[in-house]
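# Coordinate inspection notes
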Amino acid sequence: MNFRQKHLLGIEELHPLEITEILDLADTYVDLNRSETKHGDVLKGLTQINMFFENSTRTQASFEIAGKRLGADVMNMAMQASSIKKGETLIDTALTLNAMHPDLLVVRHPHSGAVNLLAEKVNCSVLNAGDGRHEHPTQALLDALTIRRAKGRLHRLNIAICGDIAHSRVARSNLLLLGKMENRVRLIGPPTLMPSQIGEFGVEVYQDMEQGLKDVDVVMMLRLQRERMDGGFIPSEREYYHRFGLDAEKLAFAKPDAIVMHPGPMNRGVEIDGTIADDINRSVIQDQVEMGVAVRMAAMDLLARNLRAARAGALAHA
Amino acid sequence: MTGTLFTNARLIDPEAGTDTIGALRVTGGRIAEILAGPADATGDTVIDCGGKCLAPGIVDLGVKICEPGERHKESFRSAGRAAAAGGVTTMITRPDTLPTIDSPEQLEFVSRRASEAAPVRIHPMAALTKGREGREMVEIGFLLDAGAIAFTDADSVVADTKVFTRCLTYARSLGALVIAHPQEPILSKGTAATSGKFASLKGIPAVSPMAERLGLERDMALVEMTGARYHADALSTAAALPALERAKAAGLDVTAGVDIHHLTLNVLDIGDYRTFFKIKPPLRDEDDRLAMVEAVASGLIDIISSMHTPQDEESKRLPFEEAASGAVGLETLLPAALRLYHAGALTLPQLFRAMALNPAKRLGLPTGRLAAGAPADLVLFDPDAPVVLDRWTLNSKSKNTPFDGARLQGKVLKTYVGGSEVYAA
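All figures in this text were calculated on a predicted structure; none of them were measured in a lab.

Counting secondary structure elements, chain B contains 13 helices and 18 strands. Considered along the principal axes of its C-alpha atoms, chain B spans approximately 65 × 50 × 45 Å. Counting across all 425 residues of chain B, residues that qualify as buried make up 61%. Intrachain contacts of chain B at a sequence separation of at least 6 include 74% that bridge at least 24 residues. Entry remark: accessible area of chain B is about 15,200 Å², with carbon and sulfur atoms responsible for 51%. Each charge class in chain B can be summarised by its mean position, and for the 45 positive and 52 negative side chains these summaries are 2 Å apart.

Right under this line is the structure:
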């Protein structure tokens, strides 16, 4: 087994062989999920807690289904509603949960690095379900699986990531993963939505969709995160749609067989035209959702194997 | 003559710029004479320094002591012990406490507590505006009478240029020194790191180093306009230095400081969101660090200070963006500064010019010198002794040092204030 991590905190820590192993295992879970029984037992007896300090419907549901299909006992905690409001610190919350002996902790938090901090304080495996604008590793992995299945490979592809890069953890994890797997990554968006010195990450930066989309194999659109904006990053939604929204005209610059991706939830008519999102020949957006469950099953399966091995090792030493 | 004779000492004289073996006699709490050759010790108590360094005690400009308000973080007693252990013989304290030190009554409280509880000298600064809110100026005249040594809103910028101009004009009429934190407050609002590759990778909201230059350029224009005495508390970026250079060349009454962390650490030290490295201004790129070291060597930057800012574990054990800023530094200032000496970047007289002589001169204090007649505020230290820093051994109540586990060279052996020993290792 190549996968040696205790936690899944980010793509940054992963080796390409570890990424490949997760994706290979996820492929088998795609098959399982399409079968009638849809059930495994590799997480049987383990407790999975989903702690979401930020609203999420899709990611939380995906993790929940993934855990349940593999036999884990899954609990969801909506943290905005609970003790955080009472002034409890993140560490206290973590220690309280830790005392309940969870095995897998799935965490989303509005601040970058918060999940890393939490992982230092607990005994179980922690999965980052998105921290601030830092990383969202399972999203990048599910995107990778979607690309690999659609294109037959995950290397030497031209991939454009378009939109609000600055506020996007999805973009960070994706550009790290796609870079590690030796693809050419282009970032397209207005300069006010680009992180500082992003060009030093081994990516090409474009401010024009025509040039940026030329001959790409994959078009990855990002949500324009209006709730993250202090205001004033772009003049208006309609100007943004005109210049950076994906429509048939702009997509025509990409390769004829280019696929269109979006992490959801979509703002139709802001960053993507509705008919393209629904075009079954181009859009793989529904596949991404399906791959999400499989990838999360694979990630939790691998982490649980390491967790069990570590515990067995600790027992042997005792 | 009866007094104390320090023999066989490596005398670090920042005024003369010399580093020579000799002896120093102290009588009546003052330095009586400096002797180059063998000294006649008749009647004196002799302290053999064993060839170790004897330098003027450090004058640390900008120490935060959390009294009143947050004594659990740092008290005058604990800060005083930390200062003595760090070779700091004078602390210039900040007014950014709870509540702010912005009235003569509060300043008197601080002075009283300081003289009761701390073994080193303490001169308090007062706020420049009430509550450090940047709206109304404090009673600068009364506060001067009560002993305020300078006026500063600490890390809070007086954003309203009209208010700041009036503060500078009024302070000028009384000859008061204004200390400011050069920063463009709108650009830096809500940020926790310096923009660049590291902050982009870690997803930390970041501010361009240009915000410091903007702040300093504004302040220099206002100093030119008002003729005020001005000190920039902690510069950290290469981009800000030309403005400082121009102001000094134009003869404005301007000085500038840098804190020890910006001379010894850079943004990459933050690593995996380590909040002990979250300070204000934020850690910069290596190029900026090198520029600051060079500016200290050339004398463009006048003062090195610790910017001692105690924070308890609770305010640091948070996600990076939410964690409090600041680091303790009284006890690590000297060993950290000695990194620059061992790296060949600065000589010992240059270091003590920035840590003792210049702050004393700027504040009108008689200390900071190895000269006959100056108060015998001295630090005896071994510049080569290796230390692996353990934060739990610090005297400060708060242990938030970025140097925990760091290998440092340099150990304070003894500290004297007015000729009396206040610390012995």
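Let us look at the nonpolar core. Formed by 104 residues in total, the largest nonpolar core has its most connected members in M91, I301, I304 and F352 of chain B. Formed jointly, this core draws a minimum of three residues from each of two domains, domain 1 (4-53 + 376-393 + 410-424) and domain 2 (56-363) of chain B. F352 of chain B has contacts with I12, P14, A55, P56, I58, L334, L357, V379 and F381 of chain B, leaving out every residue within four places of it along the chain. Of all hydrophobic cores here, the second largest spans 64 residues; its members include I147, A171, M291 and L302 of chain A.

This part is about the confidence of the model for chain B. Of all residues in chain B, 100% attain a pLDDT of 70 or more, and the chain-wide mean is 96. For this predicted complex, the interface confidence reaches an ipTM of 0.89, while the overall pTM sits at 0.93.

Residues and elements named next belong to chain A. Residues of helix α3 (residues 90-98) that are buried include every one of L90, I91, T93, A94, L97 and N98, and no others. Mapping the buried residues of α3 onto a view down its axis gives an arc of 160 degrees, with all of them on the same face. Buried residues along α3 sit in contact with β1 (47-52), β2 (73-78), β3 (104-109) and α4 (114-121).

A few words now on the side chain of Q311 of chain B. All names here are of chain B. Of note, Q311 is situated in the loop between β15 (303-305) and α11 (313-316). Of the polar contacts made by the side chain of Q311, one reaches the side chain of S315; its length is 3.5 Å. Polar contacts involving the side chain of Q311 include one to the main-chain carbonyl oxygen of S325, which spans 2.9 Å. When residues no more than four places from it in sequence are discounted, the contact partners of Q311 are K73, K316, A324, S325, G326, S398 and N400.

Let us look at the sheet that holds strand β13 (residues 229-232) of chain B. Residues and elements named next belong to chain B. What the 5 strands build is an open sheet, ordered β9-β10-β13-β14-β15; its pairing is parallel. For this open sheet the edge positions go to β9 (151-152) and β15, each flanked by a neighbour on one side alone. Two strands pair when backbone bridges link them, and β9 and strand β10 (residues 177-180) are joined in this way by 2 bridges, in the parallel orientation. Counted as the bridge partner of F151 is V178 from β10.

Glancing now at the state of the cysteines. The tally for this structure, following the rule as stated, stands at 0 disulfides over all chains. Among the cysteines around C49 of chain B, which has no disulfide bond, C53 of chain B carries the closest sulfur, lying 9.9 Å off.

A word on the packing of helix α4 (residues 161-174) of chain B against helix α7 (residues 210-226) of chain B. All names here are of chain B. Where α4 meets α7, the axes come as close as 10 Å, and the angle between the chain directions of the two elements is 45 degrees. Taken together, α4 and α7 sit at an angle that is classed as oblique. Handedness of the α4/α7 crossing: right-handed. Touching T161, F164, T165, L168, T169 and R172 of α4 are R218, D219, L222, M225 and T226, all from α7. Its residues placed into classes, the contact of α4 with α7 shows 4 nonpolar, 4 polar and 3 charged.

Here we take up the domain arrangement of chain B. Residue and element names in this part refer to chain B. Segmentation of chain B into domains returns domain 1 (4-53 + 376-393 + 410-424) and domain 2 (56-363). Each side of the interface is counted separately: domain 1 has 27 residues, and domain 2 has 25 residues. In total, domain 1 and domain 2 occlude about 2,000 Å² of area from one another, counting both sides; carbon and sulfur atoms represent 69% of this. At the surface where domain 1 touches domain 2, the tally comes to 2 salt bridges. Taking the shortest distance from any N to any O, the salt bridge between R391 and E313 comes out at 3.0 Å. The interface formed by domain 1 and domain 2 holds 6 residue pairs in polar contact (both at pLDDT 80 or more) in total.

Moving on, we come to the interface of chain B and chain A. Facing the 17 residues of chain B at the interface are 22 residues of chain A. Summed over both sides, the interface between chain B and chain A buries roughly 1,700 Å², with carbon and sulfur atoms accounting for 56% of that surface. Taken as a group, K197, L201 and R317 of chain B account for 32% of the area that chain B buries against chain A, more than any other trio of residues on that side. Taken together, chain B and chain A are joined by 1 salt bridge. The salt bridge partner of K202 of chain B is E12 of chain A, with a shortest N-O separation of 3.5 Å. Our count for the contact surface shared by chain B and chain A stands at 11 residue pairs in polar contact (both at pLDDT 80 or more). Of the residues contributing to the side of chain B that touches chain A, the split by class is 7 nonpolar, 4 polar and 6 charged.

Rules used throughout
Each chain has its residues counted from 1, following the order in which its sequence is written. Key to labels: chains lettered from A, ligands numbered from 1, both in the order written. Whole-chain, interface and lining totals are the exception, using all residues; otherwise, since this is a predicted model, local features are given only for residues with pLDDT of at least 70 and side-chain atom pairs are given and counted only at 80 or more. Note that water and hydrogens are dropped before the side-chain values are worked out from all heavy atoms of the structure. Runs of E in the DSSP output that reach at least two residues are strands. Runs of H or I that reach at least four are helices, and both are numbered from the N terminus. Each residue is assigned to one of three classes by its accessible area relative to the maximum for its type, calculated with a 1.4 Å probe on protein chains only: buried under 20%, partly exposed between the two thresholds, exposed over 50%. Note on contacts: a residue pair is in contact if any heavy atoms of the two residues lie within 4.5 Å. The Shrake-Rupley method, run with a 1.4 Å probe sphere, supplies the accessible areas, and residue values consider only the shown protein chains as cover. Residues scored as charged are limited to Lys and Arg (positive) and Asp and Glu (negative), so that His and the chain ends carry no count. Note on charges: their place is set at NZ of Lys, CZ of Arg, CG of Asp or CD of Glu. Working definition of a nonpolar core: buried Ala, Val, Leu, Ile, Met, Phe, Trp, Tyr and Cys residues. They are joined through side-chain atoms within 4.5 Å. Start and end points for every domain follow an automatic or database-based domain assignment. pLDDT runs from 0 to 100 and stands for how confident the predictor is about each residue. The arc refers to the directions leading from the helix axis to the C-beta atoms. The term polar contact refers here to a pair of N or O atoms within 3.5 Å; inside protein, the definition further demands a hydrogen-donor-capable atom paired with an acceptor-capable atom, and it admits residues adjacent in sequence only when both atoms are side-chain atoms. For two strands to pair, DSSP has to find at least two bridges joining them. Here, the term disulfide refers to a pair of cysteine sulfur atoms separated by no more than 2.5 Å. For helices, the fitted axis covers only the stretch in contact; all axes are lines through C-alpha atoms, and the angles between them, taken along N-to-C directions, range from 0 to 180 degrees. Relative orientations are named as follows: roughly parallel for angles under 35 degrees, roughly antiparallel for angles over 145 degrees, roughly perpendicular for angles from 65 to 115 degrees, and oblique for any other angle. The crossing is said to be left-handed when, going from far helix to near helix, the turn is anticlockwise and less than a right angle, and right-handed when the turn is clockwise. As a working rule, the residues Ala, Val, Leu, Ile, Met, Phe, Trp, Tyr, Cys and Pro are called nonpolar, Asp, Glu, Lys and Arg charged, and the rest polar, with Gly in that last group. What counts as buried area is the accessible surface, traced by a 1.4 Å probe, that two parts surrender upon association, with contributions from both included. Any Lys or Arg side-chain nitrogen located within 4 Å of an Asp or Glu carboxyl oxygen qualifies as a salt bridge.

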